[in-house]
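The residues making up each chain are set out below.
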Amino acid sequence: AAEISAELEKAKEKFESSEPPYTEESMDALAHALDLLDAESLSRRALIDRLIEEEYSVDDAYWAADHCGDVWNNNAFLVALSHMRGSDLSSEEIAEILISEKEFTKAEAIYGVAKAEVELEQGR
């Protein structure tokens, strides 16, 4: 119990000191970001761009994207799967689209395409 208590205190300190408090504007940006992600599988960069286009501050857009959870690999997978089902493009071409047009990172694009290939090969 003492070991867990010490680890909990250490974790609390990390949360308390690592991030400034959120504002009403950043919470609004987060709520909107989550709505956008429910409607479309966006990359982190595309989400930030969209929030800025919709007149959220740069800081609020980045804060919101940082607080959406770890959704980027799954979003890359969903976009890759959609492209694989709807075109005759190669996996490499789809990865390039995810990187250049959809603004996913290289790692996210590779993850998404690889997972989509496996899903399709297994008939899912």
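Residues numbered from 1 in each chain as written. Predicted model: local features only at pLDDT ≥ 70, side-chain atom pairs only at ≥ 80, totals over all residues. Heavy atoms only, no water.

Before going further, it helps to examine the overall build of the protein. Looking only at helices and strands, the protein has seven helices and zero strands in total. Helices and strands appear in the protein in the N-to-C order α-α-α-α-α-α-α. In terms of overall size, the protein is more extended than a compact globule, its C-alpha atoms giving a radius of gyration of 18 Å where 124 residues would be expected to give roughly 14 Å. For the protein, buried positions account for 31% of its 124 residues. (Helix = DSSP H or I, 4+ residues; strand = E, 2+ residues; numbered from the N terminus. Rg over C-alpha atoms; globule rule 2.2 N^0.38 Å. Buried < 20%, exposed > 50% of the residue type's maximum accessible area, 1.4 Å probe, protein only.)

In the predicted model, the protein carries a mean pLDDT of 92, and the fraction of residues at 70 or more is 94%. By mean pLDDT, the top-scoring element of the protein is helix H3 (residues 44-53) (98), and the lowest-scoring one is helix H1 (residues 2-18) (77). (pLDDT = per-residue confidence, 0-100.)

Under the definition given, this model contains three salt bridges. Glu-40 is paired through a salt bridge with Arg-50; the nearest N and O atoms lie 3.1 Å apart. With Glu-40 in the loop between helix H2 (24-39) and H3 and Arg-50 in helix H3, the pair connects residues that are 10 residues apart, well separated along the chain. Using a relative accessible area of 24% as the deciding quantity, one classes Arg-50 as partly exposed. (Salt bridge = Lys/Arg side-chain N within 4 Å of Asp/Glu carboxyl O.)

Formed by 16 residues in total, the largest nonpolar core has its most connected members in Ala-33, Leu-37, Leu-42, Leu-47, Leu-51, Ala-64 and Cys-68. When contributions to this core are tallied by element, the ones reaching two or more residues are H2, H3 and helix H4 (58-66). Broken down by element, the residue count for this core peaks at five residues, all from H2. Counting 13 residues, the second-largest nonpolar core is a separate cluster that includes Ala-76, Val-79, Leu-81 and Phe-104. (Core = buried A, V, L, I, M, F, W, Y, C linked by side-chain atoms within 4.5 Å.)

Another aspect to go through is the side chain of Asp-60. Positionally, Asp-60 belongs in helix H4. An unpaired buried charge is present at Asp-60: no salt bridge exists, and Arg-44, the closest side chain of opposite charge, is 13 Å distant. Setting aside its immediate chain neighbours within four residues, Asp-60 contacts Thr-23, Glu-25, Ser-26 and Ala-29. (Lys, Arg positive; Asp, Glu negative; His and termini not counted. Contact = heavy atoms within 4.5 Å.)

With that out of the way, let us pick up unusual backbone geometry. Positive phi values are uncommon outside glycine, yet Glu-55 reaches one of about 70 degrees. With respect to the helices, strands and loops of the structure, Glu-55 is situated in the loop between H3 and H4. A residue is classified by how much of its surface remains accessible, and Glu-55, at 74% relative accessible area, is exposed.

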